[in-house]
Structures are given as C-alpha cells and as structure tokens.
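These are the residues of each chain, in order.
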There are 2 protein chains.
Amino acid sequence: MGPSPERRPPVMADVAKVAGVSHQTVSRVLNDHPNVRAETRTRVLRAIDQLGYRRNLVARALVTKHSRTLGVVSFDTTLYGPASTVYGIEQAAREAGYFVSIVSLRTIDRAGVHDAIDYLTDQGVDGIVVVAPQRSAAQALEDMPTGMPAVAVEGGQAGEVSVVSVDQVEGAALATRHLLDLGHETVWHISGPADWLEAEGRVQGWREALTAAGHRVPDVLAGDWSPRSGYRAGKRLAEMTSEVTAVFVANDQMALGVLRAFAEEGVRVPEQISIVGFDDIPESEFFSPPLTTIRQDFGAVGRRSIDVLLRQIEAEGPCERERHVVPPRFVARASTAHAR
Amino acid sequence: MGPSPERRPPVMADVAKVAGVSHQTVSRVLNDHPNVRAETRTRVLRAIDQLGYRRNLVARALVTKHSRTLGVVSFDTTLYGPASTVYGIEQAAREAGYFVSIVSLRTIDRAGVHDAIDYLTDQGVDGIVVVAPQRSAAQALEDMPTGMPAVAVEGGQAGEVSVVSVDQVEGAALATRHLLDLGHETVWHISGPADWLEAEGRVQGWREALTAAGHRVPDVLAGDWSPRSGYRAGKRLAEMTSEVTAVFVANDQMALGVLRAFAEEGVRVPEQISIVGFDDIPESEFFSPPLTTIRQDFGAVGRRSIDVLLRQIEAEGPCERERHVVPPRFVARASTAHAR
DNA sequence: ACAGGGTGTGTTAACGCTCACAGTCTTCCC
DNA sequence: GGGAAGACTGTGAGCGTTAACACACCCTGT
C-alpha cells in the first residue's frame, strides 16, 4: 500500500510530469511564450485538460507583483448614480481581464476613503478607482500611496490623480438654457448637498447660464438628493407660484419629491411650473408628468476610468494626470412648457 | 559606495532586523500568537511602525490557502434590489475582515454564472455568494466546485447549497390579503418575468391568498420589472375599470408605470383602483399617490448570507445546507382604499 | 540535583509560480 | 565542415509569508 492518494488540486509540476516536460515549459505554454514547439504545446494542453489543472493566481501574483485586481472605492452603491458607475467599471475591468474588489462606504469622509485605500493596497490591487463625489473624499486622494495607479471619478481637480467625470456645469447650463428658451423670467434651483462636487458644478452651471443671459439669480434651495428633501423644497415653492415658473432640480429623485409636493398643493406641471431634473434614472420617464432631464452616461464614465487606469498601470512609470469629461445629454419630456 | 538604496517596500525580514529578532517572531506578533514576551512585542511593533511595514497578504494567502476574499456573483447591480443586497453583503463581509470581489452579469444564464464562478475560483476566493434570482442562474449553482463554500441569495431550493431569501410568497399574500380586507372582490396581478424565482413566488402567494379566501383568480398580466411594462399593463387595466378595483404589482417600478398609465387614462388611485407594489424603493413614498407596498430588507439578506457563508468557511468540513427566510413587511401608504 | 513541562525564540522548509540563465538541438552560411 | 545564430527546453533560485520543528531557558516538585 502506497501513501493515500491525498486529493489535492494539481499543480504545474503534476502537469509537467504527465506531459513529460519541465514545469517551466508548462508555464511557457500558459503564458503564450513564443518559443514552444507546437507539438509540445498540444501535449501540455492535453495534460492540463486531463488533470483539470487551473493555475494558482495567488502564487503567480506573489512573484509577478501583479494581482490583476483593481480596487474600487465608492459611496453608497445603493444609489443609482454610483451603482451605474461601478457597474460600468466592473464590466470594463472584467473585459480587460481584471478582477474588481469593492469597498462601499456608508459615509464618505477623508478618513473613510483613506482607510479604504489602505485596505485595498494591503490586498495588493494593481490600481484604484475612487468614486469620490464629495470634496472631503476627493481630498483623501492626496494620501494615495505613491506609485499606486489611481483614477478619481467625479473627483474635481484635487490632487495629483487623473479624473474622469461628467460635465456637470454644462449639464446644468443645458437645463437652465432650455427653460430660459421657453421664455421663463428666471429659473429656480434645488441643489444637492453642499459638500458634493456634482452639486457645486450644477449650481455653477445654472448660475452662469442665468447671468450670461442676463437673468436674475434666485436663492438656491438646498436639498440632499433624497425625494423627501425635494418634497420639502417643493412645498416652499408651491407657496410662491406668482414668482416661480421654472425650476431646475439637481437630481431626478428630488424632482419626484417636488412633483409630489406640487400635486398635493394643486400646482400643475408644466402648465404653472416647469421642471427639469438631472440623471435620467429609469423611473423618470414614468413620473407624472414624464420628467424632462439631463442624462449622465454613467457607463461611459466607468469604462473611461478603467481605460485611464489601465494605461497608467501598463506604463509602469509615473504618468501625467489626465482629465476626461463625458458630455451630458438633454432629454426632452413633458415636465416643461412655455412660460405663460 | 555601497549598492544604491533601492527603495522597495520593507518585508518581514527588514522588520526583524530592526527589532533584533527573527522574522518568525515578527510573524507571531502579527498573528497574535500568545507566546511572545510583551517587551519583544512592543519592540517589533515599534519597528513595524518605524519602517511603515505592511504585511504582504498575497504571500500569506499562498501559504495559508486563504485569501480572506469572498466572491459575489450578481445580476445587474444597477437595479435597486441587487444593488442593496450586494451592499449589505459587502458591509457584512468587510466587518468580518473579508474582501469582496464582484462579478456583475448583464444577462444571467447558466453559462454566465458558471463562468463567473470559475473566474472567482481562479482568483482564490474563500467562498462565493450568488445572487441568483433566476431559475437558470440557480441551476448553475449545481456546478459549483466541490468544497467551495457557497450561499445562494434568492436562489430557490436548487442544488446542494444554502439559501437566504425574502419570503416572497408571504409578501405577496400580505399584499393580497390587505386588498381583500378592504373589501375588493378580487385582486389582479402584474407579474415579473417568468424565469424569475421572485416573480414566481409572488404569483404563488397572490394566488394562494385569493383561493384561500375563496376569491376568483384573474389572469396574470406579465411584466418584466420595468416601468414601461407596468405602463403597458396599466393601459390594459384602465380599459377594464368595471371589473378591476385592486391590483397587486410585483414591483414598485412597474407600479410607477401603472400609476402613469392610470393618470393618462383618468383612472383615479385609490378611489377607483387600489394598488400595492413590492420592494419599497426609496421613491415609492413620493409617487402620486404614495405607494402602499411590501418592504424587503435587502440589507438583512446580505448580512445573513455572509453569516451563513462564514460559518461554512470556518467549519472547514462539509456543512449541511441551511435555509434562511427573511420576512417581508407591509408598508401602508395612500394607494389603497376600501372597495366602492 | 534532575526529570518534566511550560514559555519564548530561531532555523528550515514549504506554498506554486516566474525569472534568469544555461544548456541542447537545429539550421544556415561561408 | 566548422561556427554562429536561432529555436526550444531544463535547472535553480527566489517571491514573502506561515508551519513544523528544534532549542534554550526558567520554573516546579521530589
């Protein structure tokens, strides 16, 4: 009786033995090294198949220093925007043969992002994408370990790192100009939370479009992205129907809240007040009325950020910062109309 | 002149040298081994701190055979349900000190899930969570590598693997009974796509509640979860206001479509027709009218699945299948009323 | 004084792979 | 026909960690 068979997964040496070659030749076949005789290659391939061999990527990562894993740090992936972006990132990364390791933060502050980056670095990721929509998160990019390839999504111009983002300013301008073109005296704005770069960009685009066209800039109503905050702002606006005829809401969820508030108060949209949202979530088309909004191509942002990151990883050396801007798109629906 | 300093990250041996101990002692400190003198421990800790040493988890994984990484396979994480579940999974996993590697599938079929599992297995994950809401995906669990700890979320009773899910049947019954209690003759149903286990469960719960109470079971209107499909079904229902007074819609997004269709056709909710949805997405509360619905605790599902998975991983040996059911909750709002 | 059992530490050998180098066997040219 | 260039393959070392063992040391009890 020999030693018990001891079922353990086959390793390269096992394949080598079966194929009658050295482990190194097996490695060469696996890595598509050119100098392997065709006949040898097929013999090795057959042995791999026969044993059901799978190469151990952990051992490989140890020696190559590359794990083919990318880290993603994101804020609350329950929201449509981050979720879509992360989805785009994941698809693009997998197509390029990379694994994706995710850290999703409940609250996003500098310390949280910092920890997440540390955590992923420990795991040995080859690069990191930070979906950093908040100013405080963007700052955390400054303490990225040197030499770690990184890309910020929606990250402002903070730090040394490349940035991919949707042109928020332009999107907001698109919305505002549309309303102005319809003959409205001015456009009110319900903004996102103060710390968010996207919120800031939208305020800026709205304000610029207004002043460029020589219109009055009303006070901003502050929201927090939630439908509820939109609802509250909507209630306030509903009391001012004599002056308010058009409002640009910083995202579709808040716009839903506004719609609800207006419905309760008997304010008709778009007859009395026109509304434009932002994001184009899948629900917007079925709001009552269907929401005119600005579409962000989150998928494109995700894909683009992976492009940039992989280029950085493959360059090996330090790269110069890139800055990519994905254009937003105006989507006309039924929540806007000509001024009375 | 000696050799150039060659800035490479410090390894255990470097720490050992600085602390004046062997690398093994450093390892012991890092792994909280009991037999280390307190004084030695602090010396090592100080050296670690001084050098900024971080242990190489890849090397560790190679020898321990544990990567402390969990794999998650999910269908389209852009949807609220999967996104919330994955979020819950990720939080729970990270709290337990595990990394999470995600594969998000555009289309979920057996081959796709199979590939995803292979992919994650190659990466050396310690266990896999499959968010397998479709029958075809659930089948793919059968070709899970033997010995790989796994949990299915919303996976039916397929295969050998443990399952965590929301009690869809009970949720649908809750919705249906609520409508019946309001005095409606019967309840119509707009279902999810045929292949989905959740859709099936909801149909079943609805049908059972109806027959148990001795009511007629109308034909099912088939939807596909999208607001648009709900809209189409709503249009059809709007033509039948004489017989239809209550409808249970299999998810909130479709309910939104129904609401839109009814608004267009002048059907008043809840005065003429009552509607109950399913999921309780953040928007539902601000639909017009606010939607009565069934809440699924996705976070609980995610956390529970990690519990089960970790127990399986830590047990090392083969475990018996577990089956966990998270109860749904009825959320009363304004889209339902007493029958005329 | 000496066996016995902790406690603390060092030494050596894996883990499964790739890299660098050293071979061997062709082939081709003068 | 000899030598060089190229194609193909094997050998050995090393990646940074943990596991297994060996060893020195201290305490206890007889």
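Residues numbered from 1 in each chain as written. Chains lettered and ligands numbered in written order. Predicted model: local features only at pLDDT ≥ 70, side-chain atom pairs only at ≥ 80, totals over all residues. Heavy atoms only, no water.

In the annotation of an unreviewed UniProt entry, the entry for chain A reads LacI family transcriptional regulator, and the organism field reads Microbispora corallina.

A. Molecular detail of the protein's contact with DNA strand C. By nearness alone, 27 residues border DNA strand C, and Met12(A), Ser27(A), Tyr53(A), Ser22(B) and Thr40(B) come closest of all. Considering the 4 Å shell around the protein, atoms of DNA strand C inside it are sugar or phosphate in 62% of instances. His23(B) is positioned with one of its side-chain polar atoms (N or O) 3.4 Å from a base oxygen of DNA strand C. One of the side-chain N or O atoms of Lys65(B) is found 2.8 Å from a sugar or linking oxygen in DNA strand C. (Near = heavy atom within 4 Å. Polar contact = N/O pair within 3.5 Å; in protein donor to acceptor, adjacent residues only side chain to side chain.)

B. Inspection of the pattern of salt bridges at higher detail. A complete count under the given rule lists 34 salt bridges over all chains for this structure. Among the ionic pairs, Asp118(B) bridges to Arg54(A), the shortest N-O distance being 3.1 Å. Linking Asp118(B) in helix H6 (residues 110–123) with Arg54(A) in the loop between helix H3 (38–51) and helix H4 (57–64), this pair reaches from one chain into another. Between Glu264(B) and Arg260(B) there is a salt bridge, and its shortest N-O distance comes to 3.2 Å. Taken together, the residues Glu264(B) and Arg260(B), both in helix H11 (residues 252–265) and 4 residues apart, mark about one turn of the helix. One continuous salt-bridge network, built from bridges that share partners, spans Lys235(A), Arg260(A), Glu264(A) and Glu265(A). (Salt bridge = Lys/Arg side-chain N within 4 Å of Asp/Glu carboxyl O. Helix = DSSP H or I, 4+ residues; strand = E, 2+ residues; numbered from the N terminus.)

C. Up close: the side chain of Thr85(B). Residues and elements named next belong to chain B. The residue Thr85 is located in helix H5 (residues 80–95) in this model. With a relative accessible area of 5%, Thr85 lands in the buried category. A distance of 2.9 Å separates a polar side-chain atom of Thr85 from the backbone oxygen of Gly81. Discounting residues that sit within four places of it in the chain, Thr85 has contacts with Val131, Val153, Phe298, Val301 and Gly302. (Buried < 20%, exposed > 50% of the residue type's maximum accessible area, 1.4 Å probe, protein only. Contact = heavy atoms within 4.5 Å.)

D. Local environment of the sheet that holds strand S7 (residues 220–222) of chain A. Residues and elements named next belong to chain A. Read across the sheet, 4 strands follow the order S7-S6-S8-S9 without closing on themselves; strand pairing throughout is parallel. Where the open sheet ends on each side, the last strands, each with one partner, are S7 and strand S9 (274–276). Each neighbouring strand pair of the sheet contributes to a mean axis angle of 20°, computed without reference to strand direction. Across 3 bridges, the pairing between strand S6 (residues 188–191) and strand S8 (residues 246–249) is parallel. In the strand pairing of S8, Ile190 is matched with Val249. Its contacts with the sheet put helix H8 (residues 168–181) on S8 and S9, and the angle it makes with S8 is roughly 170°. (Pairing = 2+ DSSP bridges. Axes fitted to C-alpha atoms, helices over the stretch in contact; angles between N-to-C directions.)

E. A look at the interface of chain B and chain A. Contacts between the two partners involve 50 residues from chain B and, on the opposite side, 50 residues from chain A. Summed over both partners, the interface of chain B with chain A buries about 4600 Å², with 56% contributed by carbon and sulfur atoms. There are 6 salt bridges connecting chain B and chain A. Run the count over chain B and chain A and you get 26 residue pairs in polar contact (both at pLDDT 80 or more). Among the secondary structure elements, those contributing two or more residues to the side of chain B that touches chain A are helix H4 (57–64), H5, strand S2 (99–105), H6, helix H10 (227–238) and H11 of chain B. Per element, the largest residue contribution to the side of chain B that touches chain A is 8 residues, and it comes from H5(B). Partitioning the side of chain B that touches chain A into residue classes produces 25 nonpolar, 13 polar and 12 charged. (Buried area = accessible area lost by both parts, 1.4 Å probe. Nonpolar A, V, L, I, M, F, W, Y, C, P; charged D, E, K, R; others polar.)

F. Local environment of the UniProt feature "domain: HTH lacI-type" (unreviewed entry) in chain A. UniProt annotation of "domain: HTH lacI-type" (unreviewed entry) refers to residues 10–64 of chain A when read in the numbering used here. With 69% helix and 0% strand, residues 10–64 of chain A has its two end C-alpha atoms placed 21 Å apart. (UniProt positions renumbered as here; feature names shortened; annotations may be inferred.)

G. The relation of the copies chain B and chain A, seen in detail. With an axial shift of 0.0 Å and an RMSD of 0.0 Å, the rotation relating chain B to chain A amounts to 180°. These values place the two chain copies in the arrangement generated by a two-fold rotation axis. No C-alpha of chain B approaches the rotation axis more nearly than that of Ser101(B), which lies at 2.1 Å. (Least-squares fit on C-alpha atoms with pLDDT ≥ 70 in both.)

H. Examining the nonpolar core more closely. Residues Ile275(A) and Ile275(B) are the most contacted members of the largest nonpolar core, which totals 102 residues. Sequence-distant contacts of Ile275(B), defined by excluding residues within four places in its chain, comprise Val247(B), Val249(B), Ala255(B), Val258(B), Leu259(B), Phe262(B), Val269(B), Leu291(B), Thr292(B), Ser335(B) and Thr336(B). Ranked by size, the runner-up nonpolar core spans 46 residues in total, among them Ala92(A), Ile102(A), Val301(A) and Leu310(B). (Core = buried A, V, L, I, M, F, W, Y, C linked by side-chain atoms within 4.5 Å.)

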